[in-house]
Amino acid sequence: MTVTESAPEDAPEIGASRRRKEDQRLITGRTRYTDNMTLPGMLHLALVRSPFAHATITAINTDEAKASPGVVAVITGADVADVQGSLPNAWPITEDQKAPPHPPIAVDHVAFAGEVVACIIARSPAQARDAVELVDVDYDELPVVLDLEKAASDEVLVHSDLGTNKSATWIFDSGEAGTGGDVEEAISGADVVIERTIVQQRLIPAFIEPRSTIVDPTGEQITMWSSTQVPHILRLMLAMVLEMPESKIRVIAPDVGGGFGGKLQVTPEEFITMMAARQTGKPCKYTETRSESLMSGHHGRAQVQKLRLSATKDGTVTALDVRILCDMGAYLGLVSSGVPILGAFMYNSIYKFPAYRFECTNVFTNKVWTDAYRGAGRPEATFAIERLMDELAVELDMDPLQLRRQNWIEHDEFPFTTVAGLEYDSGNYEAATDKAVELFGYDELRAEQKRRRDAGERVQLGIGISTFTEMCGLAPSRVLGALSYGAGGWEHADIRVLPTGKVEVVTGASAHGQGHETAWSQIVADRLGVPFEDVEVLHGDTQVSPKGLDTYGSRSLTVGGIALVHAADKVIEKAKTLAAHLMEANRDDIEFAKGQFTVKGTDQGMGLGELSLAVFTASNMPDGFEPSLDSDATFDPDNFSFPHGTHLAAMEVDTETGETTIMKYVCVDDIGNVVNPMIVEGQVHGGLVQGIAQALFEEAVHDDAGTLVTGSFVDYLVPSAADVPSFITDRTETASTTNPLGVKGVGEAGTIASTPAIVNGVIDALRHLGVTDMVMPCSPFRVWSTIQGARGSTPEQTQPKSPEQVDSNTSGSLPTGDVQ
């Protein structure tokens, strides 16, 4: 890919692979992460956490800790019980949803290992950590429940006062909704019914920068710096829960080292740091260790999916029935309960199902709570349907690609209303698939697979397929409101034209690695005809950018970027009025192109810079004209955006050791029009690796007592560049019809599509040995064990093993029991 340092004079900025403006300071170490900051007189926090997954707190003795050198104060839950409130859940999916109180510091009951029971405030981080060991907490252990199906039976309760572990059940039925037929009727009359149970293992977002928070209470406002994806939402939640005036709280998200949904949260630690600073009257900082991050930051996925798919004998799908148990963990986080609902609209994917039913039950267990993780509900749905489509193809002895082609929405059928009630505005699944097949060498690899099988070679080859779409650009507000979501889906932007002609852009989107400063500069430079270098993007500070709904759900460009477009268009309209006055022309005769306002049919013109200076002097303004070109816009889309793509994986599996190798990976994504191809490539590559990680490497594992045993990167393995191949990526471009740039989201696409492609490839490589399914991650030991079970020729052995049955290791490279 050609990287653009500066665009040719007449070339558009949109579509250019500009180097990211952010990268210079990031890669040279001149950035400021929250933990890099030190304020005068700052105190440091360390947290006492429960070693038990379920217990009552009978006593806490803090005397020795308070007497420890450097300790300023110790706070327990009892000390702040009347003021700390309960952490919010902003998405009650049903009117009768059950949600336990979630105090930042536990008062008399802990429900997962790692829950905070006390806070040390000291003059140095080391002194705070030392004092943690001196807090004496007496616990009475209670029975734990970790397994989802056991939790749903209510034999052991996580919160006895609720009387059940079931938080809520949410149902969508196409027959009742009027978007399709009756599922049971369709299944009962089908030629073929595929039934499968799929386990989505727990994952940990594992962002590179641990969470860190600083609170300074010494000014007119209380200022919080936090490594967060959601500074605006955090500010609102702090005000509401702690009953503080919102105007007195300023939240700053400085450079943030990754999030992946793991920082789409308002955390106990942020509230505790706020309370510590208010109590002491001094700046306070908390920075978690890596083990604390893995143990107490929210997790993702964690579902058991029971699925039925029916079809005619010629391969036409007729119905899909989805029933899932979703592990909420011990509490409900900010959007925990709604994450499965985001997936509810995607199980039908790109296929024309005439009947569909979805039912999810959210269940409490004695583990840290789950919430959004890259893709948030959509990866779970895509994995399920893509696995089922492969299984249907096997049952009917059809090529899995041909089966998909037979059932997907044709490009000339858009816009298309799905059985789940969404309107897909645009797409071309044929074009993306044709290009992927060509790049992949599909027929040649199928021939090589046959050769290896016929020869009985030790290393077998499998072809994994994933054809997907997703709903992203989390909005519109009306749809979110209908789903009981507690916020809107709009985004805000301001454009300030300075007297020198330079432009400041203020965005409510809050970047944490996406490249907003670069992409936003390209959009505004193109729209206003100013140099890319003359655009400055400001974000992540609620005082600088007071309005916004932040960054998650691949919404930044499709919502925040479009707000910028509308704000820029308002600047142009204002400037036309001024230009007409200054050039003594009729406003209707003013034309605008490439930063110049000209009078139609003449060479008379003025640049935006000249107009901005005229506004500054304000000595010659039209009557009634406000002397300002500055403009703002709030955009609330009418629909989601629907990127799609085809991902193909050639997987080699050593049948003697269980080792899996990605021989070749091709993906062709359609994300509409592209602002910066280089940024898109980075997003796709990162997403692919995270999806591959779920398939082959990652799993949060707990022992029988509820203790996380994958509490470091020694045990919780994330893949490095050495673990993945060079990807072959390409694009087709089918413009979105719901926004003026024709763009769609890209941040989650790779993660959503890659997991089923990898697992389908592993199973395809071993299917002739009797392997029909496998629980992720497909570590070497798990693959080997599944092969041995299949060779034993008993039904029990050919079924996928649960994590507890096989091993407690997450590695795709060096799992427990493998020869190193």
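Above this text you will find the structure in question.
Keep in mind that this is a model prediction, so the values were computed, not measured.

**Some remarks on the side chain of Thr433**
Here's step 1: Along the chain, Thr433 turns up in helix α13 (residues 429–440).
Here's step 2: Thr433 has contacts with Leu401, Arg405, Trp408, Thr467 and Thr646, leaving out every residue within four places of it along the chain.

**Some thoughts on helix α12 (residues 400–407)**
Here's step 1: For α12, the full list of buried residues reads Pro400, Leu401, Leu403, Arg404 and Asn407. The buried residues of α12 all sit within an arc of 160° when viewed along its axis, so they share a single face.
Here's step 2: Looking at the packing, one finds that the buried side of α12 touches β14 (317–329), α11 (378–396), α13, α14 (442–455), β18 (459–469) and α20 (749–766).

**Comments concerning the side chain of Ser296**
Here's step 1: Mapped onto the fold, Ser296 is located in helix α9 (residues 290–296).
Here's step 2: Engagement of the side chain of Ser296 in a polar contact is seen with the backbone oxygen of Glu292, the distance being 2.7 Å.
Here's step 3: Ignoring any residue separated from it by four or fewer positions in sequence, one finds Ser296 in contact with Arg49, Gly114, Arg211, Glu269, Val368 and Trp369.

**Describing the pairing of strand β20 (residues 503–507)**
Sheet faces and side chains relate simply in a regular strand, where the side chains alternate between the two faces.
Here's step 1: By the criterion of burial, β20 is predominantly enclosed, with four of the five residues buried.
Here's step 2: Taken together, the five bridges between strand β19 (residues 491–497) and β20 define a ladder with antiparallel strand orientation. Directly across from Ile495, in β20, lies its bridge partner Val505.
Here's step 3: Where β19 folds back on β20, the antiparallel hairpin that results is connected by five residues, among which Gly501 adopts a positive phi of roughly 90°.
Here's step 4: Summarising the sheet, β20 and strand β21 (residues 535–538) pair through four bridges and their orientation is parallel. What sits directly across from Val506, in β21, is Leu538.

**Considering the packing of helix α16 (residues 516–528) against helix α17 (residues 556–582)**
Two numbers describe a pair of packed helices, the interaxial angle and the distance between the axes.
Here's step 1: At a minimum axis separation of 10 Å, α16 and α17 run at an interaxial angle of 30°. It follows from the interaxial angle that α16 and α17 lie roughly parallel. Pair α16 / α17 crosses with right-handed handedness. Packed against α16, whose contacting residues are His516, Trp520, Ile523, Val524, Arg527 and Leu528, the element α17 presents Ser556, Leu557, Gly560, Gly561, Leu564, Val565, Ala568, Asp569, Val571 and Ile572 at the interface.
Here's step 2: For the contact of α16 with α17, a count of residues per class yields 10 nonpolar, four polar and two charged.

Each value, and the rule that gives it
- Residues numbered from 1 in each chain as written.
- Predicted model: local features only at pLDDT ≥ 70, side-chain atom pairs only at ≥ 80, totals over all residues.
- Heavy atoms only, no water.
- Helix = DSSP H or I, 4+ residues; strand = E, 2+ residues; numbered from the N terminus.
- Contact = heavy atoms within 4.5 Å.
- Buried < 20%, exposed > 50% of the residue type's maximum accessible area, 1.4 Å probe, protein only.
- Arc of directions from axis to C-beta.
- Polar contact = N/O pair within 3.5 Å; in protein donor to acceptor, adjacent residues only side chain to side chain.
- Pairing = 2+ DSSP bridges.
- Axes fitted to C-alpha atoms, helices over the stretch in contact; angles between N-to-C directions.
- Parallel < 35°, antiparallel > 145°, perpendicular 65-115°, else oblique.
- Left-handed = near helix turned anticlockwise from the far one by under 90°.
- Nonpolar A, V, L, I, M, F, W, Y, C, P; charged D, E, K, R; others polar.

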